[in-house]
Amino acid sequence: MEVGIVSRLFVMFTCRRMMNFHWLPCLGWLFVLMPAPLYSESTTQTTAVLQSLTNRESKDIIRFINATDMVVPDYKFSIEYLCTEPSTVRVEVIVSTDVKIGVTIYKKRWVCEKCLHTLRNRTLWVRFPSIMLYRPDYLIRRSIVINNVILRAWIINTNFGAYESRNATVYEQAVTRTYKLLGTFNPFERPYKDHKECLQWDTEKIQAIQEMQIPQCLLENDVVDLLRFPFASTGLKFGIMKKLKKFNNLEMEVASKQLVNNPRFTVSIWIYVLHGCKRHLCGIFHHINEKQIYGTPLLLLTQDGNVHFQMTLSSGKYIAGKSNFKLSLRRWCRLDLTVQDRRMTLSVSYGERLQTREDAFYVYPGDVHHHDTAGYFVLGGSSHIRGFEGFIGPVKFYRVRALKGQEISNPLVIDHKFHEHIEQYYKNCKKLNTLIMKYFQSLGLHKKIQQMNRNSNYYLQLVTKYGPINSDEEKCTARPWGKSTEKNYKTLFDLLQTMASEPFLDFTHSSNLHSTLIKVGEKLFQKTVEILARPGGTQQIGHLITSLMEASCCGYSRAAYFLAVIFETGLGVELQPLQGLLYSLVAAQGNDRLALMHLGYKHDQGIDGYPMDYDISFGYYLNIAQQTVQDRHVFDGEQSFVEPIRLMDDVALQSQTKENDDLFLWLRYQANHGDVFAQQKLARMLYWGQQGVTRDVKAALKWYSRSAVETGDPLSLYEYGLFLFKGKGVKKDTELGLRLISEAASKGSHEALNGLGWYYETFKKDYVKAVEYWEKAMKMGSLDASHNLGMLYEVGLYPGKPGKNETEAFQYYYKAGSAGHFESIIRCSFYWSTGNFESIPHNPRQAVLWTRFVAEQNGFLGYFMRKAMDAYLQRSWNEALLYFLVTAETGIETSQTNVAYLCEENPELTNSSVDYTWRYYNLSAFQLNTHPFVLVKMGDYFYYGHKNHKKDITQSIEMYASAALYNYSQAFYSLGSLVEEGLHIPERILDLLNLATANHSNNISILLELYESCLHHKYK
């Protein structure tokens, strides 16, 4: 009861004290007024009063005399006390700050055995630390904010001395006790301390200047825009991760810390749910704490469309519930979650004007724990849960305020009302899909598809067997859509008619309506692209866009991405950035790999109207990076090895071959005669589809097998043994596979040693043996072994070192990732992106750079790069431009260079050739892996000027100098030409090129050295 009074008095006292502060308008102090636990998170020690262990009626007395209300230097007070039995008198001063609660800074005790039943008095002095009393200066480096100071005293019977090791219990067991709350000054109001020392004149001057400065509160808002730009949620384990920083404003940070176990926050998130959740739960918004587990809050979508909400209590217990309302599909809705103390309100509103509103309320049985800077927030999916399928709009997070309804400012309106275009697109697509289904129904195919989808049902099989459905009777001979509809969708109806005449199973290989629609979209896309790739095809784009839109509506995401490229680049049409954004997001939502890379690149660079946002960029790149790792183990599908070949590189072009070309035939001849190098080269080319060769895994395995059997080469033994062991492309034979791997290891193959470690770890669970092999393989240069050792540290299975060690794991990942190991790169990027580990800094930019490297090795991207290169070698310029363009928009530097080069050499290809030349040389020039040829080109364009771009000599010099750093001879020649014209090269540039002006008397000597460098590097 008394401790409860302490809490209330503390709040009242704090309010009265703060009303006198001239800096009250500081935003942070608006929230410090809320009561917080005084000692610990455990409420039993602050609210319960235990009964005394003695039944005697207490007549002991203890009270403070002349104790001032404020903390001051050399704090003096007196204690008046009376003991009725031999006792101990104890005095303490307890301080709570923003980082520590219940710190004892002063202790005093003495025995009261003589003069019992006599009122006595004792004077005490408390010397408080300087950081509590003074402002920071040249000796006091910091001044801390004090939340509360409690001066307390009590008398405890000597018989209870056994309890003295537990201070809180001792205080509660006292026969009598008293306390006093002491006030402190804000750090800005405290005086400077007189250190009684002579200062140097410069130190004294700096100190005087600081004393004259007027303290000001840092202007800071507690509102965080977690997302301002629409994001496509694919329904997979990927989303946007957001790490919040501490407040810069000290008062607001104090308020935030005090609200950890008494939270007040608001989350407002706009979402557009496209499909129902196909899993038990799908992620909308959730918090992952510093222990990599769920924190507060969680908002998930259920299979029924309800919202699952979950909080973590201070006790560590999880409390979850489900909303009574369900989210509507294909409508923008705003979810508002407000938590105030133990009360939660969850609201959903629809439409831009929030016309419809439904609420859910919940009161938690205990204090809710919410620490927004410990861990990170996730929009959509994460490694813990799949996200929902749809789009995420603006998201706002009020960190220390509980708001409701109109108090929340989070409008849906995005630039140019993009949300309306999303809704309109899916409304139009719904009409089109209904039309296609009606067409199927008119031919009796609709029922066939449904029947195929239910063929696993035993009773339906009996119906089919003994009472087959007459599909002819179910045909609808009337065409309910009318002739005008057929005319408007002529291409689509022609395709449907063609497909209907084909064997049914050929185009409905997947027995459900959705996959049938996708098949229709795929065929429509292929037919349209064939026309686009023909000579003069770009001039017909205006007539072909409708077919691409129809293919996109059928769910074929590749068509949506092609539309995005057409609209954003103006290929045969006017530039339409908003339409480009729409189809980019639609394609990415459908998990199209090129679209994901496209959005990741645009947000990484902040170009074409996309805001620079590394968290959004990482969300897209992480998706495609992890799929790249998975795609490498899939043998079917349109994949090729990514080969960065520039069209101006004659040597690289000459290395391209086909199965009937001289290079391939020569390698096969050498391989047939036992050449190990040729056998391995052929196997790799066929396995990955390198150098223009079509991917053929079965043919590759034959060469791996032949090399292993005929030559006993360690690498071939390992590769073929691994295929046998896993049964990939060949009949599974674990015994023979393991024997071949062991033989390769005995011959010194570090790949095989790593394989044996994998075998013992995965199948034998012998981690000691696995580590032995991995350590040996790592010393020989195996990146896989380094990654595997890191995994053991991460999951806590490293022998002799129990417990997870993320820091050690990161070191192994970083070692392998730096050398190009894909899985290690992804793990390092995850650590950098979340910033969830003290020893690993939060570095979203580095995370984007590393995941982008993996994403750009995706086999589906390589397939389109290969199609572009094959078209170029066959002199099919239109087709080459089309495929180079769709890969250039994903951020591939070589494709950007090739588009510019192709348009420069063939300006008649498109009306945008001149614009493309500038755009893609310019984009390529600012890539990390650009070619000096590109830099010289941009230098020329800046020198001469280009269409709407004015002449800029300064930029021209910068470009030439950048190319010269690559020792590119043409760059030195161009710089020399500028000097010869009498133009001045800045000293900074000359120093960068090791051409210091001190070594040259005039421009002639600089000119000669530049031309000498040109000749030297040309013939080097």
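Residues numbered from 1 in each chain as written. Predicted model: local features only at pLDDT ≥ 70, side-chain atom pairs only at ≥ 80, totals over all residues. Heavy atoms only, no water.

J.: Describe the overall build of the protein, listing the residues and the values that go with them.
T.: Check the secondary structure of the protein and you find 39 helices and 20 strands. Buried residues in the protein amount to 53% of all 1020 residues. (Helix = DSSP H or I, 4+ residues; strand = E, 2+ residues; numbered from the N terminus. Buried < 20%, exposed > 50% of the residue type's maximum accessible area, 1.4 Å probe, protein only.)

J.: Which residues make up the nonpolar core, and what are the values?
T.: Counting 239 residues, the largest nonpolar core has Ile-284, Leu-327, Leu-335, Leu-346 and Ile-436 as the members making the most contacts within it. If one sorts the elements of this core by residue count, helix H7 (residues 418-442) sits on top with 11 residues. In this structure, Leu-327 is in contact with Ile-271, Val-273, Ile-284, Leu-301, Gly-305, Val-307, Cys-333, Leu-335, Val-348 and Tyr-350, ignoring residues within four places of it in sequence. Within the second largest apolar cluster, 31 residues are counted, among which are Val-71, Phe-77, Ile-79 and Cys-112. (Core = buried A, V, L, I, M, F, W, Y, C linked by side-chain atoms within 4.5 Å. Contact = heavy atoms within 4.5 Å.)

J.: A description of the environment of Tyr-916 should follow, citing residues and the corresponding values.
T.: Mapped onto the secondary structure, Tyr-916 falls in helix H34 (residues 913-925). For Tyr-916 and Leu-571, which are 345 residues apart along the polypeptide, the C-alpha to C-alpha distance reads 9.5 Å. Setting aside its immediate chain neighbours within four residues, Tyr-916 contacts Thr-569, Gly-570, Leu-571, Leu-885, Val-899, Ala-900, Cys-903, Thr-910 and Tyr-921.

J.: Explain unusual backbone geometry to me, using residue names and the numbers behind them.
T.: The amide bond that connects Thr-296 to the next residue, Pro-297, takes the cis arrangement and shows omega of 0°. The topology assignment puts Pro-297 in strand E13 (residues 294-302). A positive phi angle, close to 50°, is found at Asp-74, a residue other than glycine. Structurally, the position occupied by Asp-74 is in the loop between strand E1 (61-65) and strand E2 (75-82). Residue classification places Asp-74 among the partly exposed residues on the basis of a relative accessible area of 38%. Phi is positive for Gln-292, which is not a glycine, with a value near 65°.

J.: Pulling in residues and values, what's your account of the pairing of strand E12 (residues 281-288)?
T.: Within E12, 8 of the 8 residues are buried, leaving the element largely enclosed by the surrounding structure. As defined by bridge partners, E12 adjoins E13 across 6 bridges and the pair is classed as antiparallel. Opposite Gly-283, over in E13, you have Leu-300 as the bridge partner. Connecting E12 to the antiparallel partner E13 that follows it, the hairpin turn spans 5 residues, and Gln-292 within it adopts a positive phi of roughly 65°. (Pairing = 2+ DSSP bridges.)

J.: An account of a nonpolar patch on the surface is needed here, citing residue identities and associated values.
T.: On the surface, Met-791, Val-795 and Leu-797 cluster together into a nonpolar patch covering about 220 Å² of accessible area. Given a relative accessible area of 36%, Leu-797 falls into the partly exposed group. (Patch = residues over 30% accessible without salt bridge, like charges linked within 9 Å, V, L, I, M, F, W, Y side chains within 5 Å. Areas by Shrake-Rupley, 256 points an atom, 1.4 Å probe, with all protein chains shown as cover. Salt bridge = Lys/Arg side-chain N within 4 Å of Asp/Glu carboxyl O.)

J.: How would you explain the sheet that holds strand E3 (residues 87-97) if you had to name every residue and give the values?
T.: With respect to topology, 4 strands assemble into an open sheet ordered E4-E3-E6-E7, the strand pairing being antiparallel. Pairing within the sheet leaves two strands with one partner each, and these edge strands are strand E4 (103-112) and strand E7 (176-182). On average, each strand axis in the sheet is tilted by 10° relative to the strand beside it, whichever way the strands run. Where strand E6 (residues 146-157) and E7 come together, 7 bridges link them in antiparallel fashion. Following the sheet pairing, Leu-151 is matched in E7 by Lys-180. (Axes fitted to C-alpha atoms, helices over the stretch in contact; angles between N-to-C directions.)

J.: Tell me about the packing of aromatic side chains, and name the residues and values.
T.: Evaluated as defined, the whole model comprises 53 aromatic pairs. Ring plane angle 45° and centroid distance 5.8 Å describe the contact between Tyr-75 and Phe-77, whose orientation is recorded as tilted. These aromatic residues form a ring-pair network of at least three members: Tyr-376, Phe-810, Tyr-813, Tyr-814, Phe-830, Tyr-831, Trp-832, Phe-837 and Trp-850. When the ring centre of Tyr-171 is taken as origin, the NZ or CZ atom of Arg-152, which lies over that ring, is 4.4 Å away. We note Lys-726 situated over the ring of Trp-758; from NZ or CZ to the ring centre the distance is 5.2 Å. (Phe/Tyr/Trp six-rings, centres within 6.5 Å; stacked < 30°, edge-to-face > 60°. Lys NZ or Arg CZ within 6 Å of the ring centre and 35° of its normal.)

J.: Explain the sheet that holds E1 residue by residue, including any values.
T.: Pairing is antiparallel in the open sheet, where 3 strands are placed in the order E1-E2-E5. Strands at the two margins of the open sheet, each flanked by one partner only, are E1 and strand E5 (120-126). Direction aside, neighbouring strands of the sheet carry axes that sit 25° apart on average. As defined by bridge partners, E2 adjoins E5 across 7 bridges and the pair is classed as antiparallel. Across the sheet, residue Ile-79 finds its bridge partner in E5, namely Arg-122.

J.: Could you give me a rundown of the pattern of salt bridges, with the residues and numbers involved?
T.: In the structure shown here, the tally under the stated rule is 37 salt bridges. Close ionic contact of Arg-401 with Asp-222 constitutes a salt bridge, the shortest N to O distance being 2.7 Å. Here the residue Arg-401 occupies a position in the loop between strand E20 (389-398) and H7, and Asp-222 occupies one in the loop between helix H5 (201-212) and strand E8 (223-227), the gap between them amounting to 179 residues. Judged by its relative accessible area of 26%, Arg-401 is partly exposed.

J.: If you had to explain the side chain of Asn-249 to someone new, which residues and values would you point to?
T.: Looking at the secondary structure, you find Asn-249 in the loop between strand E10 (239-242) and helix H6 (250-258). For Asn-249, the side chain forms a polar contact with the main-chain nitrogen of Met-252, separated by 3.1 Å. (Polar contact = N/O pair within 3.5 Å; in protein donor to acceptor, adjacent residues only side chain to side chain.)

J.: Break down helix H17 (residues 593-605) for me, with residues and values.
T.: A rise of 1.5 Å per residue sets the reference length of H17, with its 13 residues, at 18 Å; its end C-alpha atoms lie 18 Å apart and thus fit the reference within 8%. Among the 13 residues that make up H17, 12 are buried, leaving the element largely enclosed by the rest of the structure. Among the residues of H17, those classed as buried are Arg-593, Leu-594, Ala-595, Leu-596, Met-597, His-598, Leu-599, Gly-600, Tyr-601, Lys-602, His-603 and Asp-604. Gly-606 occupies a position one or two residues after H17 and carries a positive phi of about 65°. (Expected span 1.5 Å × (residues − 1).)

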